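Coordinate inspection notes
What follows is each chain in one-letter form.
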Protein chains: 2
Amino acid sequence: MRARSKNARIEDVAAKANVSIMTVSRALRGVDGVSEKKRAEILKIARTLKYVPNSNARSLAVANSNLVGISLPTFAGEVFAEILNGMRQTFEKAGYSSVIDTTEYSRDAELNWVRRLLSWQPAAIILTGVDHHPETIALLKASPIPVLEIWDHTNDPIDLCVGIDHFEAGKTIGQHALECGYKSPAFVSTPKGHDIRADARLEGIRAVYQNLGGGPIPVARPPLQSAFTTGYHGALELIDTAQPDLICFLNDHMAFGGLMACERRGVSIPDDLGVIGFNALDLASVLPKKLTTIRTPRRLMGVTGARNLLARINGVKVDPPAALPMEFIPGETTSPR
Amino acid sequence: MRARSKNARIEDVAAKANVSIMTVSRALRGVDGVSEKKRAEILKIARTLKYVPNSNARSLAVANSNLVGISLPTFAGEVFAEILNGMRQTFEKAGYSSVIDTTEYSRDAELNWVRRLLSWQPAAIILTGVDHHPETIALLKASPIPVLEIWDHTNDPIDLCVGIDHFEAGKTIGQHALECGYKSPAFVSTPKGHDIRADARLEGIRAVYQNLGGGPIPVARPPLQSAFTTGYHGALELIDTAQPDLICFLNDHMAFGGLMACERRGVSIPDDLGVIGFNALDLASVLPKKLTTIRTPRRLMGVTGARNLLARINGVKVDPPAALPMEFIPGETTSPR
DNA sequence: GAAATGAACGTTAGCGTTAACGTTAAACCT
DNA sequence: AGGTTTAACGTTAACGCTAACGTTCATTTC
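Read on for an overview of the structure. Quick caveat: nothing in here was measured; it's all calculated off a predicted structure. (Residues numbered from 1 in each chain as written. Chains lettered and ligands numbered in written order. Predicted model: local features only at pLDDT ≥ 70, side-chain atom pairs only at ≥ 80, totals over all residues.)

What follows is about the protein's contact with DNA strand D. In the vicinity of DNA strand D there are 29 residues, among which S20 and S35 of chain A together with I10, S25 and A57 of chain B approach most closely. A per-element tally of the surface near DNA strand D places helix α4 (residues 55–62) of chain B first, with five residues. Split into classes, the residues belonging to the surface near DNA strand D amount to 16 nonpolar, six polar and seven charged. (Near = placed C-beta within 6 Å. Helix = DSSP H or I, 4+ residues; strand = E, 2+ residues; numbered from the N terminus. Nonpolar A, V, L, I, M, F, W, Y, C, P; charged D, E, K, R; others polar.)

Here you go:
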C-alpha cells in the first residue's frame, strides 16, 4: 500500500520467535503472562531484529502517551533551567518524556502550544505562572489531563499548583528595606506587563511603603535585552534621574548589571545606594560584595511539582496548593541607614 | 470496549456535518478536494465540538510525526539556549514541535534518549557535538531519519553537521596570546573528558605553544559547580600554584568568576595577568573591563542547522558541512607584554 | 449529443499496538 | 477420577486517522 520503512514490527519479532504478537507485546512490556524462558528468548530476538516499538501505535491503542508537556517563559537564565531539571529528573525516573516549549511571555503562544500538545494525548501539562489566555484555561479545565501551574502561587489553580507568592516576596523585600531605613526605593523591571511576577513583587514593596506616605516608587523598564544589560541600563536611568537610596532588581543578574552601573557612575555600595536582587543565583557567590537577595526554592519546586503531578496521574489525591517558603538573604549591598 | 475520553473524533464532526470522515480530514488539513463552502462549515463545526486532532493516530497512519528531537548537554548557560532558540523558531514556522532533552554530557544518557525518541518516528534528530556512543551512531546511521550534529564540526558526520571548529578556536586564542607575548598560559576547564570541546580548544592552544618549547600548559579542573564558581576556584588554584601570566577559560562565565578571583587576590588585570574567555556572552558587555573573547555564532548555528535539516526532510540535497566562522574579540583583559 | 473531463465527495483497507476475552493443558483438589 | 483452578499462551477487535482508489454528476469538447 504505502511506502513504509522496513523497520521491524512486533509481528516480525513474533514470527521469528514462533509465538503470537500478544506474547511479544507482553514480553517487551514486562507484564505477566509469559514464561521467563520465552521472555528472554523474545527479548533477544527483538534486539537482533533492531526492533523499535512504535509509540504512536501504543499511544493510540491506550489513548494516552507517556509525554508530559512543559511550558516555560524562556530558557534564558538559570531559574527555569533549575526548575526544569528538578521536574525532568523526576519524570524521567517514572518513564515519562518531556516536550518543552517556551512562550517568551506570550499568552497566545502558550495557547497555541497547548492546542498542539493536546493532540498528543499527553499524560500531563505543566504551565509556568497563573496568568493564561482564557481559552487556555477553558481548554485545560475541560480536559481530563492533569495540569500543574508552577513558579507562581494561587488559591484558584486550573488543577494543581506549586509555587511561591511573589507579592509576599515583595513585602519581605520592602520590610527589610524599611528596617534598614531606606527612604526612597526604586525598582528595575522589564516592560510593563511582560513579567507579571515581577510586577507582583513590586506591588509587595509598594504595599509596605505606601502606608508611610512616601512618594510613588520610581520604576525603570528598559527595553528587553539580556538581564545583565537591562539591569545596567535600568540602574543608570534611576541613578541619573530619580536618585533613589535603594534599587531593587527583578533578579540577581539584573542586580549585577546594576552593580556594574554603580561602579561606572562612582556610586558606592552600600554607602550611597542599597541594592537588592532576587533568586539567590549562583553568580552572587563569587561577587566580592555579597548580594542582598531572596533565595527561591527552584529545584524543590520542580521536584515537588513533578511528584504531585505523578501522584495525580496515578489517581492519588493531592494536597491543596500551599505557597513554598523563601529565604531572605541579607547581604553586603544593603545596610542600616 | 475501553473507557475512552469523550473527546470528539473526526467521525463526530463528519456526522454533524453530514459528510464523510474523509471530507472532514481533507477540510481540516487544508488539502484539495473540498469546496470552500463545505470547508468553512466543517471548520466551524469542528470548533463548536472542540475537536482536537489525535496526533498519534495521524502519525501512525502516515508513518512519521512532526516532532523533531533535540538533545543538548545542558540547559545551563546562555549558549545552548541561544542555539535552541534559533532552531526552535525555524522549526516552529515549518510546523514542527520539538522534544528536547539534556544529556548532562553523558553518552549513555544520550543513547537512551535516542532510543526512546526513535519510537516516536520523529521527523529529525539533532544531537550536540560529534562524540556519541557507538550504538547511537549505529542506530542513527541505520535509520532513515535525518540527523544533525550541531556546535562541533567534523568532516565525518552521521548525516548533517553545522558547527564550529573548537581546535581552530583554541589556535586562534593561542595565536593572540603569542602575539601579546604571553609566556606561560594556563587553562581553566571542567573535569577531564567532561566537555570534549573544551579539551579541543585546549589542544589548539597547546598546538601553538608546544613548538616554542615552553613547559606544559597548567590546567585547573575544579569539581563541577556553576560556571562562575568553577572559574573562581580554578583561577585561585592557578594563581596560587602555577603563577601563569595568562589564564584562558572555558567560557565567559568562568572568566568572570576568574576576574572575581583576581580581585580577591589583588591581581591586576591585564598588568599582572591576562584573561581570555569564550563565547562573547552578554555578561561581558556590562563589565567595566571588556573581556578578550571569541564570539561564537550561536543563533546562526541554530537557524542554519534547522534550515538544512528542513531541506533534508523535504528531500533537498544539502551542502557538505563547513565549519562556521568565529570572531576574535580583543578586549581589555589582555595586553601586549 | 455522446464521450471525455474533472471537481467534489465516499469507501475501503490499513498504520502497529494493546485490552478483553478465549483456549489449552498441566497442576491441584477432594 | 472428575472437576476446578491457573499459568501461559492465542484471537479478535478496536484506537483515530489517512492513502489509494471508486463514484457521482455537472461541464466541457468535438
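Next comes the rest of the account.
Facing 42 residues of chain B, the contacting portion of chain A comprises 44 residues. Counting residues per element, the ones that place at least two in the side of chain B that touches chain A are α4, α5 (78–93), β2 (97–102), α6 (107–118), α10 (227–241) and α11 (252–265) of chain B. Sorting elements by how many residues they give to the side of chain B that touches chain A places α4 of chain B first, with five residues. Of the residues assigned to the side of chain B that touches chain A, the class counts are 22 nonpolar, 13 polar and seven charged. (Contact = placed C-beta atoms within 7 Å.)

This brings us to unusual backbone geometry. A cis geometry characterises the amide bond from I269 of chain A onward to P270 of chain A, with omega recorded as 0°. Relative to the helices and strands, P270 of chain A is located in the loop between α11 (252–265) and β9 (274–276). For W151 of chain A, which is not a glycine, the phi torsion comes out positive at approximately 85°. Counting through the fold element by element, W151 of chain A comes out in strand β4 (residues 147–152). Despite not being glycine, N18 of chain B shows a phi value in the positive range, around 55°. The topology assignment puts N18 of chain B in the loop between α1 (10–17) and α2 (21–29).

Let's shift gears to the relation of the copies chain B and chain A. For these two chains of identical sequence, chain B goes onto chain A by a turn of 180° and a shift of 0.0 Å along the axis, with RMSD 0.0 Å. The transformation just described matches what one would write down for a two-fold rotation axis. Comparing interface residues between copies, 100% of those in chain B also lie at the interface in chain A; the contact surface is shared. (Least-squares fit on C-alpha atoms with pLDDT ≥ 70 in both.)

Right, let's talk about the protein's contact with DNA strand C for a bit. Taken together, 28 residues lie near DNA strand C, and I10, S25 and A57 of chain A together with S20 and S35 of chain B sit nearest. Those elements that provide at least two residues to the surface near DNA strand C are α2 (21–29) and α4 (55–62) of chain A together with α2 and α4 of chain B. For the surface near DNA strand C, the element with the most residues is α4 of chain A, which contributes five residues. Among the residues making up the surface near DNA strand C, the classes are represented as 16 nonpolar, six polar and six charged.

As a further point, take the sheet that holds β4 of chain A. Backbone hydrogen bonds hold the strands of a sheet together, and the pairing may be parallel or antiparallel. Residues and elements named next belong to chain A. The strand order across the open sheet built from five strands is β2-β1-β3-β4-β5, with neighbouring strands paired in parallel fashion. Of all the strands in the sheet, the pair left with one neighbour each is β2 (97–102) and β5 (160–164). Across the sheet, the axes of successive neighbouring strands diverge by a mean angle of 15°, strand direction being ignored. (Pairing = 2+ DSSP bridges. Axes fitted to C-alpha atoms, helices over the stretch in contact; angles between N-to-C directions.)

All names here are of chain B. With respect to topology, four strands assemble into an open sheet ordered β7-β6-β8-β9, the strand pairing being parallel. With one partner strand each, in any of the chains shown, β7 (219–220) and β9 (274–276) form the two edges of the open sheet. Examined bridge by bridge, strand β6 (residues 185–188) and β7 share two bridges and lie parallel to one another. Across the sheet, the residue bridging to V188 is A220, located in β7. Relative to the sheet, helix α9 (residues 196–209) contacts β6, β7 and β8 (246–249), its axis offset from that of β6 by approximately 170°.

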